[in-house]
Amino acid sequence: MAYVSAENVSLVFPLYSRAQVQGMSSDAPHDDRLILANDGRVLGVKALENISFEAKSGDRLALIGKNGSGKTTLLQVLSGIIPPDEGCVNIRGRSTNLININLGMQVEASGHRNITLRGLAAGQSRDEIERRRQDIAEFSELGEFLDMPIETYSAGMRMRLNFAIATAFDPEILILDEWLSAGDAAFKAKATARMAEFVGKAGVLILASHSRKLLVENCNKAIWLEEGAIRATGDVGELFDAYDAETSRDSR
Amino acid sequence: MDAHPNATVASEPTKVYSAQTKGGIASAVEDLWEGLKRGSIWRAFAWDEIQHRYRRSTLGLAWIVISYVIFVLAITLFFSGFSSMQSGGFVAYVAVGYAVFGFLIGNVTDGCVVFSGASTWIKSSSLPYSIYIYKSIARSFFPFIIQIATALVIMAFFGWRPHWSGLLAVPALAVFLLNAIWIQLFFGLIAARWRDVAHLVGALTRVLFFTTPILWVFEERTGIVRQVASINPLTHFLRIFRAPVLGDVVPLESWYHVASWTVGGWVVAIFLASIMRRRLPLWV
């Protein structure tokens, strides 16, 4: 059974005095995500604060939040890329993340070569990669482009290939950042179908996005992140509407 | 991107990510071991990068041999007056010394970018960090071996003949690889944290080329040059490989130096990794 949980996860991004806020000191009012030294140097940014949640087999979790609310950082922590400063993450099951669209893409090598390299990096044997190659090629619809270097691909083509590879090796936990919304309508429908199939096999899906349609079609639960902390949790449709109502009021 | 080759395993152990999981000596050693086991990954990536470097050139990988031969022959032509050695002996001396120096120093300069150059991977995949180290070593070891083979051909042309004592150079190669790991780990970490390190290293390597006995012969020198060279670890690393190939005896003193650097380097690098590794994705 696939399982993901976070217990009181907190993380500060250290800045090592790379930034200084003009005329600022630690006692003056400032954005409370910034951790300042007495002379106004920015020591770090609180990226995540006290995040706790649990997702079990079949859960499809949406991450909602403004830019800079900590969605990608949380995905990186859940994927074991950045260890949290406090708290811990528990993962059971093979997890695959698609946080960076260009991950593992050797841009000067061909699409086929990239399937091999990415497959190896995911811990698959060469035999297993060959067995899945046809499926990846079909799903990505790249055809003869797979023999061309990745640097000749458009962003959408790279995304299709990356998604096809990431989902080819039966992940149990799939962690996706919002770039999936870069695909065209036909591909999104296909990706949605594949994700539904995967979640049906008792997987866990965690998807960050700004697209209501994408989230509602793929997820059931949702977490609303604000300034690195959980603002609310609940049903994906209701939570997105509440979030949307507030952000559109702010922008008016 | 975690590796679980067997897709049918039903109950997998729970993985825990916390402040402790990437800190400490045990996890630093585990990272090096886990990375070493995934040879198929770093070999494939190293080979890909080697090919990429020469992909669009007509002569391709032959450039490794050509540029090496040009350098060795030009240097020997211009600098053979530096030594009282017979011309054939000096060619062999320079050819082997230059290749070894290139490999060892290459691990320092490659080490400075081993993690920062892999930043996309480090920020989006949970593979062991040591994979990037092994990839980097494999990528520079390949041209090094080709250069050594070329050197032997050049030397044979000048009258050098292989001898059983030359086999003593094989353990030296193993020692080089063992040292390459800590060198890249050490420089990779500190150069990721402090960006000035790469510039400093770049400046020092040019100096090292002249203070290391490559174009001049250690045994023929006296005074300050000899003193500087005898505390320069590269002098001793060079010797443990070059002397057996040329049919000379390696002074025991050089093995002492090499052994101390190997042990000391590993201890320092593992210690650094145990305290710095956790922060790496935030630095690169």
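Residues numbered from 1 in each chain as written. Chains lettered and ligands numbered in written order. Predicted model: local features only at pLDDT ≥ 70, side-chain atom pairs only at ≥ 80, totals over all residues. Heavy atoms only, no water.

### Describing the pattern of salt bridges
Applying the stated criterion across every chain yields a total of 23 salt bridges over all chains. Two residues, A:Asp85 and B:Arg278, come together in a salt bridge whose shortest N-O distance is 3.4 Å. Placement of A:Asp85 in the loop between helix 1 (71-78) and strand 5 (86-92) and of B:Arg278 in the loop between helix 11 (252-276) and helix 12 (280-283) is noted, with the two residues assigned to different chains. Several salt bridges converge on common partners, so that one network encompasses A:Glu128, A:Arg131, A:Arg132 and A:Asp170. (Salt bridge = Lys/Arg side-chain N within 4 Å of Asp/Glu carboxyl O. Helix = DSSP H or I, 4+ residues; strand = E, 2+ residues; numbered from the N terminus.)

### Observations concerning the nonpolar core
Core analysis: the biggest nonpolar cluster contains 83 residues, and A:Leu161, B:Phe115, B:Tyr132 and B:Leu280 have the highest contact counts within it. Ranked by the residues each element gives to this core, the list is headed by helix 7 (residues 169-193) of chain B, at ten residues. The residue makeup of this core includes at least three contributed by each of domain 1 (1-6 + 52-94 + 171-252) and domain 2 (102-169) of chain A. In terms of nonpolar packing, the next biggest core, distinct from the first, is built from 37 residues, B:Ala151, B:Ala169, B:Leu238 and B:Phe241 among them. (Core = buried A, V, L, I, M, F, W, Y, C linked by side-chain atoms within 4.5 Å. Buried < 20%, exposed > 50% of the residue type's maximum accessible area, 1.4 Å probe, protein only. Domains from an automatic or database assignment.)

### Examining the domain arrangement of chain A
Residues and elements named next belong to chain A. Under the domain assignment, chain A is made up of domain 1 (1-6 + 52-94 + 171-252) and domain 2 (102-169). When each unit is reduced to the centre of its C-alpha atoms, the spacing between domain 1 and domain 2 is 24 Å. In this complex, domain 1 contributes 13 residues to the contact, which on the side of domain 2 involves 13 residues. Of the roughly 1,200 Å² buried between domain 1 and domain 2 on both sides combined, carbon and sulfur atoms contribute 70%. Run the count over domain 1 and domain 2 and you get two salt bridges. For Glu141, the salt bridge goes to Lys190, with nearest N and O atoms at 2.6 Å. Between domain 1 and domain 2 we count five residue pairs in polar contact (both at pLDDT 80 or more) in total. Looking at the side of domain 1 that touches domain 2, the elements with two or more residues in it are strand 7 (173-176) and helix 5 (185-200). The element best represented in the side of domain 1 that touches domain 2 is helix 5, accounting for five residues. Residues of the side of domain 1 that touches domain 2, tallied by class, amount to nine nonpolar, one polar and three charged. (Contact = heavy atoms within 4.5 Å. Buried area = accessible area lost by both parts, 1.4 Å probe. Polar contact = N/O pair within 3.5 Å; in protein donor to acceptor, adjacent residues only side chain to side chain. Nonpolar A, V, L, I, M, F, W, Y, C, P; charged D, E, K, R; others polar.)

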